[in-house]
Amino acid sequence: MRAIRRFTVRTVLPEPLAELDVLARNLRWSWHAGTRDLFAGLDPQVWEQVGQDPVALLGALSRARLAELAADDDVVAKVRAASADLAAYRERPRWYQRQTGEHLPDAVAYFSPEFGVAPTLPQYSGGLGVLAGDHLKSASDLGVPLVGVGLLYRSGYFRQGLTRDGWQVEHLPVHDPDGLPVALLRDRTGEPAAVTLGMPGGRTLRAHVWVAQVGRVPLLLLDSDVPGNDDEARSVTDRLYAGSSEHRLQQELLLGVGGVRALRLWSRLTDAQDPAVFHTNEGHAGFLGVERVRELVEEGVDADAALELVRTTTVFTTHTPVPAGIDRFDRAIVASYVEALDEKDHLDTDRVLALGAEEHAGGDPLVFNMALMGLRLSGRANGVSRLHGKVSREMFGPLWPGFDPVEVPIGSITNGVHAPTWVAREVTDLATRRMKPHDSATGAGWVRRDLVDDVELWELRTGLRTRLVQDARRRVRASWQARGAAESELGWVDDALSPDVLTIGFARRAATYKRLTLMLADPERFRALLLHPERPVQVVVAGKAHPDDDGGKRLIADLVAFADAHDVRHRIVFLPDYDMRMAATLYPGCDVWLNTPVRTREACGTSGMKVALNGGLHLSVRDGWWDEWHDVRHGWVIPTADGVDDPAERDRVEAAALYDLLEHQVAPTFYDRDERGVPVPWLAMVRHTLATLGPKVQATRMVADYVAHMYEPAARAGATLAGDDASGARELAAWKSRVRAAWSDVRVDHVDSSGVGDAPQVGDTLAVHAWVSLGGLRPQDVEVQVLHGTVDDDEQLADHTVRALTVTEELEAGRWVFGTQIELTGTGHFGYTVRVVPRHEALTSATDLGLVATAGD
Ligand SMILES: *Cc1c(COP(=O)(O)O)cnc(C)c1O
């Protein structure tokens, strides 16, 4: 019988244990082993039954058991100590509080469509969400005053199962927020605080705000499944990355616009600082900039100045290496939503539409492009690895005609991962035991041979592999049961995989470019590697395909069909339902992490970083982070068939290279044992990976980079523009509009050089003069630049250095001569050109306005 109403009845904790509630609701337990031990110790059996979920554990303990625990002095003392430790973690100064920058922001808002903080708050689909979770946790560890903003999805992302013949099936769990580690934000009367958004047709979208506490960092999650909403509005936050395009648009409006409104509520109700900087993780939250402009206009700032204030204080991180990955909406539908949410008419809808317009060559005039809006509404943008920064500059280059791709204002900050989450307990414990007092907790000084010998290190690695093998057997058995196998058919599962065999992991979304099945390109050769009599290889594979992606599901089915074969099923397994929980055992247990994307399609990739933190080696195409940090002592580079146009041929060549590496390098090194059975050369690579890659791949390094290169400069620039009643912003906006209006008259009329003869030599000095028309502008409004460097056979400047010219003479009205000298430092083909770009101290780069006048144009 269906209940007409349901409640969640909360446990009342006896007073001596009251602080357990705070400990359970702050997600720091998920990366703090001591707190987990405390919960596990309350009732080890129940702890496992509830899936290591502190909130569920407290709900599951009987009143009698709680009374017993409350009477146990030892337990009470442990609770008090853990609670004091959490309070100290939250309140004491940390890294950020020791920084001396004058403009360190008091608060930074971090928007993301998904957050993977802990397995018990499954609000993520994959890498983007887990990265966002790692960003929050590392910010907390560093003391960076972040506030996360996202959506609370009733079903999160789907859970994956398999049919008998290996086809993916999707289950949608329903999460009751009362069972999640979140608390409802309430107003001063105790009612749920709500944000509202006007919708087309006079409808209203309401959302409540749930708060998850991630160490020091609050995470606000908007939930539209609330009383007062119609059915359509209630379903806006039903699930992640599914539904129609308009449904996605509604989610993104709620995230961006509703997210800013939720932050304002939060600040008001908790006396928190308003964020000085807004960071959007991918373009989905781009409407946050539109809402901030609207707010400022409502406060009386004119629209142009408002845009400048918003741009300088917005940071945009792109994760997409291909145009197909970008969100694009129907422009007319966006217009109807913008009009509806702007009830008091503070926005000019055409100007909002222009922010997402594809005006570049090849653009679609009927489309509203979220990445373009992200770039136009942010003063600072970055990709997530060095290579991805370059790919992004090329991809978005058409937005800056007249500039070379290297000048496109998109930098890069390479992703990182949160070590306390991703380093296995066994590794941390050994490191803690061996660490010298002066070693930093994140360093890997403990892995020196005089502190941990080879035998011990090998035991550690074998222990991690053994734990993975056990977990994989459990999962394979459960998967086969769900696929309809009888218990009598499953005896072989007890011997699936071996704790002593070289273990290769491959887990990632089953998107075509990631080439899940590249390893099957030559099935006979692959089978021979798996079944090698002396040097066998075993492979653990996992990954979900998007529910609408039949191509991805086909790849999974092909892989499963191969793995089901009786001769290899003990050496290759597919584990359904890849998630953070599986990952925590999978990453440390793998000796080698395999990654075979089509090169330049992987923006960064972070799973390999998590493997490296546990001493696993890398076997990958040079893409994402591996392109910049690959090293023969960290693993192996799979050579790519760059320049081979036929995808089938490219895959064949790259797969052959992969097999060669496995056969001739990876397996022989792994099985090269000394008299103690220890693979000494392999362990040298493990040590090197832990010691040198370990520190670089950490998210604390990434967050510190964001503070130094993004948050602090943005806050500084924002303060300059906002001061004195936003006079800086108004002045900048007026200057830009003057420069735009005058630009058609700006020209380089003539360029002359002297000082070198017919046979220039290194050390000669070249004098460059340029006659320039500035129309109505003054010399201080522009920078006249000479770009010089080596030229290729097409007379293109292959790389260039920029040097500013200074005024040497004023001619008749509006014309000037500029000059400078360049010393010739290199031999070979040298060339230069001269151009004029706008100059203002508040611009983040010379490309800011997209205006340039180059000699000869
Ligand atoms: C780290 C992580 C990812 C992302 O890994 P990639 O290498 O970027 O594919 C995906 N899913 C889970 C559960 C993770 O922990």
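Computed from a predicted model, the values in this text were never measured in an experiment.

Reading the values: rules and limits
Residues numbered from 1 in each chain as written. Predicted model: local features only at pLDDT ≥ 70, side-chain atom pairs only at ≥ 80, totals over all residues. Heavy atoms only, no water. Core = buried A, V, L, I, M, F, W, Y, C linked by side-chain atoms within 4.5 Å. Buried < 20%, exposed > 50% of the residue type's maximum accessible area, 1.4 Å probe, protein only. Domains from an automatic or database assignment. Contact = heavy atoms within 4.5 Å. Axes fitted to C-alpha atoms, helices over the stretch in contact; angles between N-to-C directions. Helix = DSSP H or I, 4+ residues; strand = E, 2+ residues; numbered from the N terminus. Parallel < 35°, antiparallel > 145°, perpendicular 65-115°, else oblique. Left-handed = near helix turned anticlockwise from the far one by under 90°. Near = heavy atom within 4 Å. Polar contact = N/O pair within 3.5 Å; in protein donor to acceptor, adjacent residues only side chain to side chain. Areas by Shrake-Rupley, 256 points an atom, 1.4 Å probe, with all protein chains shown as cover. Nonpolar A, V, L, I, M, F, W, Y, C, P; charged D, E, K, R; others polar. Pairing = 2+ DSSP bridges. Right-handed = clockwise from strand over helix to strand, strands pointing away. UniProt positions renumbered as here; feature names shortened; annotations may be inferred. Salt bridge = Lys/Arg side-chain N within 4 Å of Asp/Glu carboxyl O. Patch = residues over 30% accessible without salt bridge, like charges linked within 9 Å, V, L, I, M, F, W, Y side chains within 5 Å. Lys, Arg positive; Asp, Glu negative; His and termini not counted. Charge placed at Lys NZ, Arg CZ, Asp CG, Glu CD. Buried area = accessible area lost by both parts, 1.4 Å probe. Phe/Tyr/Trp six-rings, centres within 6.5 Å; stacked < 30°, edge-to-face > 60°. Lys NZ or Arg CZ within 6 Å of the ring centre and 35° of its normal.

1. Brief notes about the nonpolar core
Line of reasoning, step 1. Ile-572, Leu-619 and Trp-682 are the most contacted members of the largest nonpolar core, which totals 104 residues.
Line of reasoning, step 2. Residues lining this core come from more than one domain, with at least three contributed by each of domain 2 (107-162 + 177-416 + 710-721) and domain 3 (425-697).
Line of reasoning, step 3. When residues no more than four places from it in sequence are discounted, the contact partners of Trp-682 are Trp-458, Leu-502, Asp-591, Val-592, Leu-617, Trp-636, Val-666, Thr-669 and Phe-670.
Line of reasoning, step 4. Counting residues in each nonpolar core, the second largest holds 92 residues, with Leu-185, Ala-233, Trp-735 and Trp-816 among its members.

2. A word on the packing of helix α18 (residues 425-434) against helix α19 (residues 454-482)
Line of reasoning, step 1. In the contact formed by α18 and α19, the axes pass within 10 Å of each other and the chain directions differ by 160°. The angle between α18 and α19 places the two elements in the roughly antiparallel class. For the pair α18 and α19, the crossing hand works out as right-handed. Contacts between α18 and α19 involve Glu-426, Val-427, Leu-430 and Arg-434 from the former and Glu-456, Leu-460, Leu-464 and Arg-467 from the latter.

3. Considering the site of the ligand
Line of reasoning, step 1. The environment of the ligand is formed by 15 residues, the closest being Trp-422, Tyr-587, Thr-606, Ser-607 and Lys-610.
Line of reasoning, step 2. Contact between the ligand and Ser-607: an oxygen atom at 2.5 Å from a side-chain N or O atom of the residue.
Line of reasoning, step 3. When the ligand is considered free in solution it has 390 Å² of accessible area, and contact with the protein chains removes 92% of it.
Line of reasoning, step 4. The element that contributes the greatest number of residues to the shell around the ligand is helix α22 (residues 580-589), accounting for three residues.
Line of reasoning, step 5. Among the residues making up the shell around the ligand, the classes are represented as six nonpolar, five polar and four charged.
Line of reasoning, step 6. Each of two domains, domain 2 (107-162 + 177-416 + 710-721) and domain 3 (425-697), supplies a minimum of three residues to the shell around the ligand.

4. Things to note about the sheet that holds strand β26 (residues 801-804)
Line of reasoning, step 1. Strand order in the open sheet formed by four strands is β26-β25-β29-β30, and the pairing between neighbours is antiparallel. Of all the strands in the sheet, just β26 and β30 (853-854) have a single pairing partner and so form its edges.
Line of reasoning, step 2. Two strands pair when backbone bridges link them, and strand β29 (residues 830-838) and β30 are joined in this way by two bridges, in the antiparallel orientation. For Val-836, the partnering residue across the bridge sits in β30 and is Ala-853.

5. So, the pairing of strand β19 (residues 572-575)
Line of reasoning, step 1. Alternating residues of β19 divide into Ile-572 and Phe-574 and Val-573 and Leu-575, and every residue in both groups is buried.
Line of reasoning, step 2. Both strand β18 (residues 537-542) and β19 contribute to a ladder of four bridges, which runs parallel. Directly across from Ala-542, in β19, lies its bridge partner Leu-575.
Line of reasoning, step 3. Note on the crossover from β18 through helix α21 (residues 550-564) to β19: the handedness is right-handed.

6. Focus on the environment of Lys-514
Line of reasoning, step 1. Along the chain, the position of Lys-514 falls in the loop between β17 (502-507) and α20 (523-530).
Line of reasoning, step 2. With relative accessibility at 10%, the residue Lys-514 sits in the buried group.
Line of reasoning, step 3. Sequence-wise, Lys-514 and Val-598 are 84 residues apart; in three dimensions their C-alpha atoms are separated by 6.5 Å.
Line of reasoning, step 4. Not counting residues up to four positions away in its chain, the partners in contact with Lys-514 are Phe-506, Arg-508, Arg-509, Thr-596, Pro-597 and Glu-602.
Line of reasoning, step 5. A distance of 3.0 Å separates a polar atom in the side chain of Lys-514 from a polar atom in the side chain of Glu-602.

7. Describing the UniProt feature "domain: DUF3417" (unreviewed entry) in the protein
Line of reasoning, step 1. Here, the residues flagged by UniProt with the feature "domain: DUF3417" (unreviewed entry) are residues 13-120.
Line of reasoning, step 2. In residues 13-120, helix accounts for 56% and strand for 6%; the two terminal C-alpha atoms are 21 Å from one another.

8. Re the side chain of Glu-602
Line of reasoning, step 1. By secondary structure assignment, the location of Glu-602 is in the loop between β20 (592-595) and α23 (607-612).
Line of reasoning, step 2. Look at Glu-602 and you get buried, because its relative accessible area is 6%.

9. Points about the pattern of salt bridges
Line of reasoning, step 1. Applying the stated criterion to the full structure yields 66 salt bridges.
Line of reasoning, step 2. The closest approach of N and O atoms between Asp-577 and Arg-159, which form a salt bridge, is 2.7 Å. Pair noted here: Asp-577 is in the loop between β19 and α22 and Arg-159 is in strand β5 (residues 159-162), with a separation of 418 residues, a long-range link.
Line of reasoning, step 3. For Asp-577, a relative accessible area of 8% gives the class buried.
Line of reasoning, step 4. Among the residues examined, Arg-159 registers a relative accessible area of 44% and is labelled partly exposed.
Line of reasoning, step 5. Three or more residues are tied together by salt bridges with common partners; here these are Arg-261, Glu-291, Arg-294, Glu-298 and Lys-344.

10. Observations regarding a negative patch on the surface
Line of reasoning, step 1. Side chains of Glu-339, Asp-345, Asp-348 and Asp-350 sit close together on the surface and give a patch of like negative charge.
Line of reasoning, step 2. Turning to its location among the elements, Asp-348 is positioned in the loop between α13 (331-341) and α14 (349-355).

11. Some points on the UniProt feature "modified residue: N6-(pyridoxal phosphate)lysine" (unreviewed entry) in the protein
Line of reasoning, step 1. This chain's UniProt record puts "modified residue: N6-(pyridoxal phosphate)lysine" (unreviewed entry) on Lys-610.
Line of reasoning, step 2. Turning to its location among the elements, Lys-610 is positioned in helix α23.
Line of reasoning, step 3. Its relative accessible area of 4% is what places Lys-610 among the buried residues.

12. Here we look at the sheet that holds β17
Line of reasoning, step 1. Taken in spatial order, the six strands line up as β19-β18-β17-β20-β21-β22 in an open sheet, and their pairing is parallel. Both edges of this open sheet fall to β19 and β22 (635-638), since each of them pairs with a single strand only. On average, each strand axis in the sheet is tilted by 20° relative to the strand beside it, whichever way the strands run.
Line of reasoning, step 2. The pairing of β17 with β18 spans six bridges and is classified as parallel. Across the sheet, residue Phe-506 finds its bridge partner in β18, namely Val-541.
Line of reasoning, step 3. The strands touched by α19 are β17, β18 and β19; relative to β19, the strand with the most contacts, the crossing angle is about 65°.
Line of reasoning, step 4. Packing of helix α25 (residues 647-670) onto the sheet brings it into contact with β17, β20, β21 (617-621) and β22, and relative to β22 it is tilted by some 165°.

13. Quick word on the domain arrangement of the protein
Line of reasoning, step 1. Examined at the domain level, the protein breaks down into domain 1 (15-91), domain 2 (107-162 + 177-416 + 710-721), domain 3 (425-697) and domain 4 (746-854).
Line of reasoning, step 2. Summarising the inter-unit geometry, the C-alpha centres of domain 2 and domain 4 are found 40 Å apart.
Line of reasoning, step 3. Counting from both sides, the interface comprises twelve residues of domain 2 and, opposite them, 13 residues of domain 4.
Line of reasoning, step 4. Here domain 2 and domain 4 share an interface that buries about 910 Å² over both sides, 54% of which is from carbon and sulfur atoms.
Line of reasoning, step 5. The largest per-residue losses of area from domain 2 upon contact with domain 4 belong to Arg-311, Phe-403 and Glu-407, which jointly make up 47% of the total buried on that side.

14. Thoughts on the pairing of strand β25 (residues 782-790)
Line of reasoning, step 1. Here β25 lies mainly inside the structure; seven of its nine residues are buried.
Line of reasoning, step 2. Where β25 lies against β29, nine bridges are found, and the strand directions are antiparallel. Along β29, the bridge assignment pairs Gly-789 with Gly-831.
Line of reasoning, step 3. Relative to β26, β25 runs antiparallel, the two being bridged by four bridges. Among the inter-strand pairings, His-788 is bridged to a residue of β26, identified as Thr-801.

15. Remarks on the environment of Val-501
Line of reasoning, step 1. You can see Val-501 is positioned in the loop between α19 and β17.
Line of reasoning, step 2. For Val-501, a relative accessible area of 7% gives the class buried.
Line of reasoning, step 3. Considered as a pair, Val-501 and Ala-667 are 166 residues apart in the sequence and their alpha carbons are 9.7 Å apart.
Line of reasoning, step 4. When sequence neighbours within four positions are dropped, the list of residues in contact with Val-501 reads Arg-465, Pro-536, Val-537, Gln-538, Arg-571, Asp-591, Phe-670 and Tyr-671.

16. Re α13
Line of reasoning, step 1. Within α13, the full set of buried residues consists of Val-334, Ala-335, Tyr-337, Val-338, Ala-340 and Leu-341.
Line of reasoning, step 2. Along its buried surface, α13 packs onto β8 (194-199), α10 (245-270), α11 (287-298), β13 (328-330), α14 and β14 (367-369).
Line of reasoning, step 3. A side-chain oxygen of the first residue of α13 lies 2.8 Å from the backbone nitrogen of Ala-332; this N-cap is Asp-330.

17. Some thoughts on the packing of aromatic side chains
Line of reasoning, step 1. Counted by the stated rule, this structure contains 16 aromatic pairs.
Line of reasoning, step 2. An angle of 85° between the planes, with centres 5.2 Å apart, marks the rings of Tyr-587 and Trp-593 as edge-to-face. Across this residue pair, the class does not change: Tyr-587 and Trp-593 are buried.
Line of reasoning, step 3. Between Phe-670 and Tyr-671, the aromatic rings sit 4.9 Å apart at their centres with planes inclined by 80°, giving edge-to-face as the arrangement.
Line of reasoning, step 4. Sitting over the ring of Phe-506, Arg-508 keeps its end group 4.8 Å from the ring centre.
Line of reasoning, step 5. Sitting over the ring of Trp-422, Lys-610 keeps its end group 4.1 Å from the ring centre.

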